[in-house]
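# Per-entry structural report
The primary structure of each chain is shown beneath.
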Amino acid sequence: MVGFDGDTEGLKIILERIASNDDLGKLTHKEVKVYARCMLAIFEALNIATKLRSEIKLLLFMLSATGINHYHRSFIASRILILLERNAEFKSQEISNEHF
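Position numbers for residues start from 1 in each chain and track the written sequence from start to end. Two thresholds apply to this predicted model, a pLDDT of at least 70 for residue-level local features and 80 or more for giving and counting side-chain atom pairs, whereas whole-chain, interface and lining totals are computed over all residues. Calculation of side-chain values draws on the structure's entire complement of heavy atoms; hydrogens and water are dropped beforehand.

### Some points on helix 1 (residues 9-20)
- Strands are runs of DSSP state E lasting at least two residues, helices are runs of H or I lasting at least four, and both sets are numbered from the N terminus onward. In this analysis, the expected span of each helix is defined as 1.5 Å times one less than the number of residues it contains. Between its first and last C-alpha atoms helix 1 spans 16 Å; for 12 residues at 1.5 Å apiece the expected length is 16 Å, and the two agree.
- Turning to helix 1, its buried residues are Leu11, Lys12, Leu15, Ile18 and Ala19. The buried residues of helix 1 occupy one face: seen down the axis, they fall within an arc of 125 degrees.
- One or two steps after helix 1, the chain reaches Asn21, where phi turns positive at roughly 50 degrees. The buried label goes to any residue with under 20% of its type's maximum accessible area, the exposed label to any with over 50%, and the partly exposed label to all in between, with areas taken from a 1.4 Å probe on protein chains only. An arc is given here, and it is the one of the directions from the helix axis to the C-beta atoms.

Take a look at the structure:
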């Protein structure tokens with residue numbers, strides 16, 4: 001993607017908003033689905049470790065599903081955030097393995 005370096009920080013901010021599920025900033029189901037579908041659209045350009053890609057992609061599909069309540073969307077977003085926190089560790093392992 002032109003002008004996008006694959007950084008996941010923006011993704012984390014959006015997922016934190018979904019995960020917080022508070023009344024003040026609560027997103028509608030439609031808004032969460034739009035975010036999730038847009039995240040899926042750029043997924044291939046994201047800088048995510050190979051080991052995590054399948055699970056994160058599946059969770060984004062779940063997040064965009066119809067019929068999921070806010071609690072479940074919050075749970076899914078929290079799980080993606082946990083995986084993204086481990087991303088740097090796995091990316092560094094991939095880089096060190098490439099050197100051998």
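### Side note on the side chain of Lys12
- Counting through the fold element by element, Lys12 comes out in helix 1.
- Residue class for Lys12 comes out buried when judged on its relative accessible area of 12%.
- In what follows, a contact means two residues having at least one pair of non-hydrogen atoms within 4.5 Å. Those residues in contact with Lys12 that lie beyond four places of it in its chain are Leu81, Leu84 and Glu85.

### Considering the nonpolar core
- The criterion is simple. A nonpolar core is a set of buried Ala, Val, Leu, Ile, Met, Phe, Trp, Tyr and Cys residues joined through side-chain atoms within 4.5 Å. Within the largest apolar cluster, 25 residues are counted, with the highest numbers of intra-cluster contacts made by Leu15, Ile56, Leu60, Leu63 and Ile80.
- Contributing elements (two or more residues each) for this core: helix 1, helix 2 (29-41), helix 3 (50-63) and helix 4 (70-98).
- It is helix 4 that provides the largest number of residues to this core, a total of seven residues.
- With residues up to four places along the chain from it excluded, the contact list for Leu60 reads Ala36, Met39, Leu40, Phe43 and Ile80.

### Details of the packing of helix 2 against helix 3
- Relative to each other, helix 2 and helix 3 sit at 150 degrees, their axes nearing to 8 Å. What the angle tells us is that helix 2 and helix 3 run roughly antiparallel. The way helix 2 lies across helix 3 gives a crossing that is left-handed. Judged by residue contacts, Val32, Lys33, Ala36, Met39 and Leu40 of helix 2 engage Lys57, Leu60, Phe61 and Leu63 from helix 3.
- In terms of residue class, the contact of helix 2 with helix 3 is built from seven nonpolar, no polar and two charged. Helix axes are fitted to C-alpha atoms over the stretch in contact, other axes to C-alpha atoms as well, and angles between N-to-C directions run from 0 to 180 degrees. Roughly parallel means an angle under 35 degrees; roughly antiparallel, over 145; roughly perpendicular, 65 to 115; everything else is oblique. In this scheme the handedness of a crossing depends on how the near helix is turned from the far one: anticlockwise by less than a right angle means left-handed, clockwise means right-handed. Residue classes follow a fixed rule: Ala, Val, Leu, Ile, Met, Phe, Trp, Tyr, Cys and Pro count as nonpolar, while Asp, Glu, Lys and Arg count as charged, and any other residue, Gly among them, counts as polar.

### Describing the pattern of salt bridges
- Any Lys or Arg side-chain nitrogen found within 4 Å of a carboxyl oxygen on Asp or Glu counts as a salt bridge. Following the criterion strictly, the structure yields five salt bridges and no others.
- A salt bridge links Glu44 to Lys57, with the shortest nitrogen-to-oxygen separation between them at 3.2 Å. In this pair, Glu44 sits in the loop between helix 2 and helix 3 while Lys57 sits in helix 3, placing the two residues 13 residues apart along the sequence.
- When its relative accessible area of 30% is taken as the criterion, Lys57 is described as partly exposed.
- Arg79 serves as the salt-bridge partner of Glu55, at 3.2 Å between the closest nitrogen and oxygen. One end of the pair, Glu55, is in helix 3; the other, Arg79, is in helix 4, with 24 residues separating them in the sequence.
- A relative accessible area of 35% places Glu55 in the partly exposed class.
- Residue Arg79 is classed as partly exposed on the basis of its relative accessible area, which comes to 28%.
- Within the structure, one salt-bridge network assembled from shared partners comprises Glu9, Lys12 and Glu85.

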